[in-house]
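Listed below, chain by chain, are the residues.
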Amino acid sequence: MPSYQVRDTATGQLLARGLADYTAVETALDRLDDKLEHDLAASGEGAGRIRLRLDIEQLTDDTTQTVGHHVLLLGVDDPTDPLPAP
């Protein structure tokens, strides 16, 4: 059974591993976003629109294959309601 992991494309650093499926990958990406923004705020730094490109890798037996990419944008607020008010 395959598992998934998330790796920083630029540095090659493994950020999350042992993820069972894409739902777990999405949860891990949300946690990474929250943790990075929290760490920046705790040190008195703003995110300043930091852009990270992350690889999503699938591990099957002894094979690791990149199966997707995710761009993590820090310091950009997600719209709470993308539709205009009536």
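Residues numbered from 1 in each chain as written. Predicted model: local features only at pLDDT ≥ 70, side-chain atom pairs only at ≥ 80, totals over all residues. Heavy atoms only, no water.

## Considering a negative patch on the surface
Right, so step 1: The grouping of Asp 21, Glu 26, Asp 30, Asp 34 and Glu 37 at the surface amounts to a negative patch.
Right, so step 2: Positionally, Asp 30 belongs in helix α1 (residues 22-42). (Patch = residues over 30% accessible without salt bridge, like charges linked within 9 Å, V, L, I, M, F, W, Y side chains within 5 Å. Areas by Shrake-Rupley, 256 points an atom, 1.4 Å probe, with all protein chains shown as cover. Salt bridge = Lys/Arg side-chain N within 4 Å of Asp/Glu carboxyl O. Lys, Arg positive; Asp, Glu negative; His and termini not counted. Charge placed at Lys NZ, Arg CZ, Asp CG, Glu CD. Helix = DSSP H or I, 4+ residues; strand = E, 2+ residues; numbered from the N terminus.)

## Some remarks on the nonpolar core
Right, so step 1: Tyr 4, Val 6, Ala 16, Leu 19, Val 25, Leu 29 and Leu 54 are the most contacted members of the largest nonpolar core, which has 14 residues in total.
Right, so step 2: Elements represented by at least two residues in this core include exactly β1 (3-8), β2 (14-19), α1, β3 (50-60) and β4 (63-74).
Right, so step 3: In terms of residues, this core owes the most to one element, α1, which gives 6 residues.
Right, so step 4: Those residues within four positions of Leu 19 in sequence are excluded, and the remaining contacts are Ser 3, Tyr 4, Gln 5, Val 6, Ala 24, Val 25 and Ala 28. (Core = buried A, V, L, I, M, F, W, Y, C linked by side-chain atoms within 4.5 Å. Buried < 20%, exposed > 50% of the residue type's maximum accessible area, 1.4 Å probe, protein only. Contact = heavy atoms within 4.5 Å.)

## Topic: the pattern of salt bridges
Right, so step 1: Here the structure, examined in full by the defined rule, presents 2 salt bridges.
Right, so step 2: With a closest N to O distance of 3.0 Å, Arg 7 and Glu 57 form a salt bridge. One end of the pair, Arg 7, is in strand β1; the other, Glu 57, is in strand β3, and 50 residues separate them in sequence.
Right, so step 3: Classification of Glu 57 by relative accessible area gives buried; the value is 7%.
Right, so step 4: Across the pair Lys 35 and Asp 39 runs a salt bridge whose closest N-O atoms are separated by 2.7 Å. Linking Lys 35 with Asp 39, this pair stays in helix α1, spanning 4 residues, or about one helical turn.

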